[in-house]
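Residues per chain, in single letters:
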Amino acid sequence: MSVSTATPVSVSATPVSATPVSATPAADAAAPSGRAPLPVLGRDVTVPLVTGGEVTYAALDYAASAPALQRVWDDVAAYAPYYGSVHRGAGHLSQLSTELFENARRTVAGFLDCRDGDQVVFTRSTTDSLNLLATALPDDCRVFVFETEHHAALLPWGSPRAAGHGARVTLLDAPDSPERAVRTLEDALAARDPRHPALVCVTGASNVTGELWPVRELAAAAHAHGARIVLDAAQLAPHHAVSLRALDVDWVAFSGHKLYAPFGTGVLAGRADWLREAEPYLAGGGASRRVARREDGGVDVQWHDGAARHEAGSPNVIGAHAVASACEALTETGFDTLAAHEERLIRTVRDGLADVPEVRFLSLFGDDAPRVGVLSFVVDGWNGSHFAAALSAEYGIGVRDGLFCAHPLLRALLGGAPHHGGECGDPGTAPGGTSPHAVRVSFGAGTPDEHVERFVRAVRELVREGARRRYRTVDGRCVPDTSA
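Visitor: How should I be thinking about the overall build of the protein chain in this particular structure?
Guide: Scanning the protein chain from terminus to terminus reveals 14 helices and 19 strands. A burial count over the protein chain gives 55% of its 484 residues as buried. Partitioning the intrachain contacts of the protein chain with sequence separation of at least 6 by distance along the chain shows that 76% fall at a separation of at least 24. By element, 51% of the accessible surface of the protein chain is carried by carbon and sulfur atoms, the whole surface being about 19,700 Å².

What follows is the structure, encoded as structure tokens:
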């Protein structure tokens, strides 16, 4: 197949409001103390307790999937009757849907402060975005990634498609400070063969510890050594403003489902050249500009040059619209307001459990390091599965337990030693076995103070008094033993 190349289509960095417009206004810039800055779906859902009765569910697993903003849901509902095909239809609804989809692209470009010539490609998730970039690596590229990364940022560079281009991965040790992270990267890049292209992949905020990474300094180190850098902003974008210009990163990836937008949409935004020169991520309609049959029975394909090159198939217009709506809501509310809210909740957890020595929080850079609303911990005498199950069944609190798709980081933080205790085996561990296993609590723009205060009381009670029910392992999960 022949592949065309041309100048990339420039994406405007000016956000454009998508229509129809939500009837739900953004929250006041200064939400009253105790109340969440932005209303989310599910805030009034009640769940049964194994001890009897019901309680309002406390969703404290934002780092996995944040609840959808009410604003986002209203925007999607307003558009739903006007749903139509994108880029392919002459009818009014098709034209409206196409405009909505491309407006969403411009809104996201503005949210990320994209530069002239940057592309915004809609994908399915952060994982999908980074796998897309991995397929676009130039030949013989050297990739540098810390062992502390989420698997979405750790694993794509060793995939068969990346390896087919001769990509080689250097895994960097977990740093104990932001300064050590920069020095480690500088040393690794200085030792590489400068004849090979290089890419650095780094997180903006850890999905395990919540700690903020020195992205701007890492980008400066990468560029000083002739390397490019991609930012995994899955945990950063919902909590802090992300500017490609200010951070000076080449690409940024994030997921809608962590940004208070449902429907499985992700974003890869940044430089166009590697993406333009790569084979389309998926071959099919939408990515192709022209297809012609050859006399030998094959086909010649002229591919698009811009974002469409990697968006084959009918696009997820509802997902893109939801992401754009979330971007607008967060921007209008203000990240200073969101950060202040989260800092108060972090202090509530830290101060409320400061005198509970059985609880040990996990950290790379130290307890006082700046972080988003993500905290992981272990509890003496418990494994994570048992503790999380008791929080859910007895208090109506949803948290995450396990290794959080960051196995090397958790093993580094936990020293590789198994943590015994509890009535249930850890999920994924052989019967009777143990493994490093932690609990993660995470929150954000939709979390009221009461949910975090209830979490603190529950942790204190469980550590002091133990669980009120017995638990057992069923299908790999710890659940209340109803036969007891």
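Further notes follow.
Visitor: Looking at this model, I keep getting lost on the environment of alanine 269. Mind explaining?
Guide: Mapped onto the secondary structure, alanine 269 falls in strand S10 (residues 266–270). For the pair alanine 269 and serine 129, spaced 140 residues apart in the sequence, the C-alpha separation amounts to 8.9 Å. Beyond its immediate chain neighbours, meaning those up to four positions away, alanine 269 contacts Leu112, Cys114, Gln119, Val120, Leu244, Asp250, Trp251 and Val252.

Visitor: Got a minute to help me understand the sheet that holds strand S6 (residues 168–172) in this structure?
Guide: The strands making up a sheet are joined through hydrogen bonds of the backbone, oriented either antiparallel or parallel. Spatial strand order, S4-S10-S9-S8-S7-S5-S6: seven strands in an open sheet with mixed pairing. On the outer flanks of this sheet lie strand S4 (119–123) and S6, each paired with one strand and no other. In this sheet, adjacent strand axes meet at a mean angle of 20° when their direction is disregarded. Alignment of strand S5 (residues 142–146) against strand S7 (residues 198–203), held across four bridges, turns out to be parallel. By the bridge assignment for S7, arginine 142 is matched with alanine 198. Contacting S5, S6 and S7, helix H6 (residues 178–190) runs over the sheet at an angle of about 160° to S5. The sheet contacts of helix H7 (residues 215–224) involve S7 and strand S8 (228–232), and relative to S8 the element is tilted by about 155°.

Visitor: Looking at this model, I keep getting lost on the environment of leucine 282. Mind explaining?
Guide: As for its position among the elements, leucine 282 is in the loop between helix H9 (273–277) and strand S11 (288–293). On the basis of relative accessible area, leucine 282 is assigned to the partly exposed category, the value being 49%. Along the primary structure leucine 282 and leucine 132 are separated by 150 residues, whereas in three dimensions their C-alpha atoms are 9.4 Å apart. Apart from the residues lying within four places of it in its own chain, the contact partners of leucine 282 are Ala287, Arg309 and Ala312.

Visitor: So what exactly am I meant to see when it comes to the packing of aromatic side chains here?
Guide: Working definition: an aromatic ring pair is given by the centre-to-centre distance plus the angle between the planes. Tallied over the full model, the rule gives 13 aromatic pairs. A network of ring pairs unites the aromatic residues Phe361, Phe377, Trp382, Phe387 and Phe455 as a single cluster. The lysine or arginine in question, arginine 468, covers the ring of tyrosine 395, its NZ or CZ lying 5.0 Å from the ring centre.

Visitor: Please explain the side chain of histidine 151 as it appears in this structure.
Guide: As for its placement among the helices and strands, histidine 151 is situated in helix H4 (residues 151–154). From its side chain, histidine 151 meets the backbone nitrogen of histidine 407 in a polar contact 3.1 Å long. Apart from residues lying up to four places away in sequence, histidine 151 is in contact with Pro156, Cys405, Ala406, His407 and Pro408.

Visitor: Just checking my understanding: could you explain the sheet that holds strand S16 (residues 400–402) for this structure?
Guide: What the four strands build is an open sheet, ordered S13-S14-S17-S16; its pairing is antiparallel. The sheet terminates laterally at strand S13 (359–361) and S16, the two strands that pair on one side only. If you compare each strand with its neighbour and ignore which way they point, the axes differ by 30° on average. Two strands pair when backbone bridges link them, and S13 and strand S14 (residues 374–379) are joined in this way by three bridges, in the antiparallel orientation. Along S14, the bridge assignment pairs arginine 360 with valine 378.

Visitor: Could you clarify how one ought to interpret unusual backbone geometry in this entry?
Guide: A negative phi holds for most residues other than glycine; trans holds for most peptide bonds. Even without a glycine there, the phi angle at phenylalanine 404 is positive, about 60°. Mapping phenylalanine 404 onto the fold places it in the loop between S16 and helix H13 (407–414). On the basis of relative accessible area, phenylalanine 404 is assigned to the buried category, the value being 8%. Phi at aspartate 475 takes a positive value of approximately 50°, unusual for a residue other than glycine.

Visitor: For this particular structure, what's the right way to read the packing of helix H2 (residues 92–111) against helix H10 (residues 317–333)?
Guide: Between two packed helices, what matters for the description is the angle formed by their axes and the separation of those axes. Two elements in contact, H2 and H10, have axes whose closest approach is 8 Å; the angle formed by their N-to-C orientations is 40°. On the basis of their axis angle, the class for H2 and H10 is oblique. In terms of crossing hand, the pair formed by H2 and H10 is left-handed. For the pair H2 and H10, contact is made by Ser97, Leu100, Phe101, Ala104, Thr107, Val108 and Phe111 and by Val317, Ala320, His321, Val323, Ala324, Cys327, Glu328, Leu330 and Thr331, respectively. Tallied by class, residues from the contact of H2 with H10 come to eleven nonpolar, four polar and one charged.

Visitor: Mind showing me how you'd approach the nonpolar core here?
Guide: As a rule of thumb, soluble globular proteins bury nonpolar side chains together. Among the nonpolar cores identified, the biggest contains 84 residues, and Val108, Leu112, Leu185, Leu231, Val242, Phe254 and Leu259 are the most heavily contacted of them. In terms of residues, this core owes the most to one element, H10, which gives ten residues. In contact with leucine 112, other than residues within four places in its own chain, are Val242, Ser243, Leu244, Val252, Phe254, Val267 and Ala269. Core analysis: the next-biggest nonpolar cluster, separate from the first, contains 34 residues, Ala390, Val399, Val439 and Cys478 among them.

Visitor: In this structure, what is going on with the pattern of salt bridges? I would like to understand it.
Guide: Where charged atoms from two side chains of opposite charge come close, those side chains can pair. Applying the stated criterion across every chain, the model contains 28 salt bridges. Close ionic contact of glutamate 332 with arginine 71 constitutes a salt bridge, the shortest N to O distance being 3.0 Å. Linking glutamate 332 in helix H10 with arginine 71 in helix H1 (residues 70–79), this pair joins segments that are 261 residues apart in sequence. Note on arginine 71: relative accessible area 10%, which makes it buried. Where glutamate 102 meets arginine 105, a salt bridge forms, and the shortest distance between an N and an O atom there is 2.8 Å. Here glutamate 102 and its partner arginine 105 are both found in helix H2, three residues apart, which amounts to about one turn of the helix. The structure contains a network of salt bridges with shared partners spanning Arg71, Asp75, Glu328 and Glu332.

Analysis parameters
- Residues take numbers from 1 onward in each chain, read along the sequence in its written order.
- Confidence filtering applies because this is a predicted model: local features only for residues at pLDDT of at least 70, side-chain atom pairs given and counted only at 80 or more, and all residues used for totals across whole chains, interfaces and linings.
- Just so you know, side-chain values use all the structure's heavy atoms and leave hydrogens and water out.
- The way it works is that DSSP assigns letters per residue, a run of H or I at least four long becomes a helix, a run of E at least two long becomes a strand, and they are numbered from the N terminus.
- The classification of residues rests on relative accessible area computed with a 1.4 Å probe and restricted to protein chains. Under 20% of the type maximum is buried, over 50% is exposed, and intermediate values are partly exposed.
- Working rule for contacts: check all heavy atoms of both residues, and any pair within 4.5 Å makes them a contact.
- Only the protein chains shown count as covering a residue, and every accessible area follows the Shrake-Rupley method with a 1.4 Å probe.
- At least two DSSP bridges between two strands are needed for those strands to be called paired.
- Helix axes are fitted to C-alpha atoms over the stretch in contact, other axes to C-alpha atoms as well, and angles between N-to-C directions run from 0 to 180 degrees.
- Here the aromatic set is Phe, Tyr and Trp, taking the six-membered ring for Trp, and pairing holds for ring centres within 6.5 Å; pairs whose planes are under 30 degrees apart are stacked, those over 60 apart are edge-to-face, and all others are tilted.
- Comment: the charge-over-ring label is applied if NZ (Lys) or CZ (Arg) is within 6 Å of the ring centre and within 35 degrees of the ring normal.
- In the analysis that follows, any N or O atom pair within 3.5 Å is treated as a polar contact, provided that within protein one partner can donate a hydrogen and the other can accept it, and provided that, for residues neighboring in sequence, both atoms belong to side chains.
- Here the angle decides the label: under 35 degrees means roughly parallel, over 145 means roughly antiparallel, 65 to 115 means roughly perpendicular, and every other value means oblique.
- Take the far helix as your reference; a near helix turned counterclockwise from it by less than a right angle gives a left-handed crossing, and one turned clockwise gives a right-handed crossing.
- Ten residue types, Ala, Val, Leu, Ile, Met, Phe, Trp, Tyr, Cys and Pro, are classed as nonpolar, four, Asp, Glu, Lys and Arg, as charged, and the remainder, Gly among them, as polar.
- Residues belong to a common nonpolar core when they are buried Ala, Val, Leu, Ile, Met, Phe, Trp, Tyr or Cys residues joined through side-chain atoms within 4.5 Å.
- We define a salt bridge as a side-chain nitrogen of Lys or Arg found within 4 Å of a carboxyl oxygen belonging to Asp or Glu.

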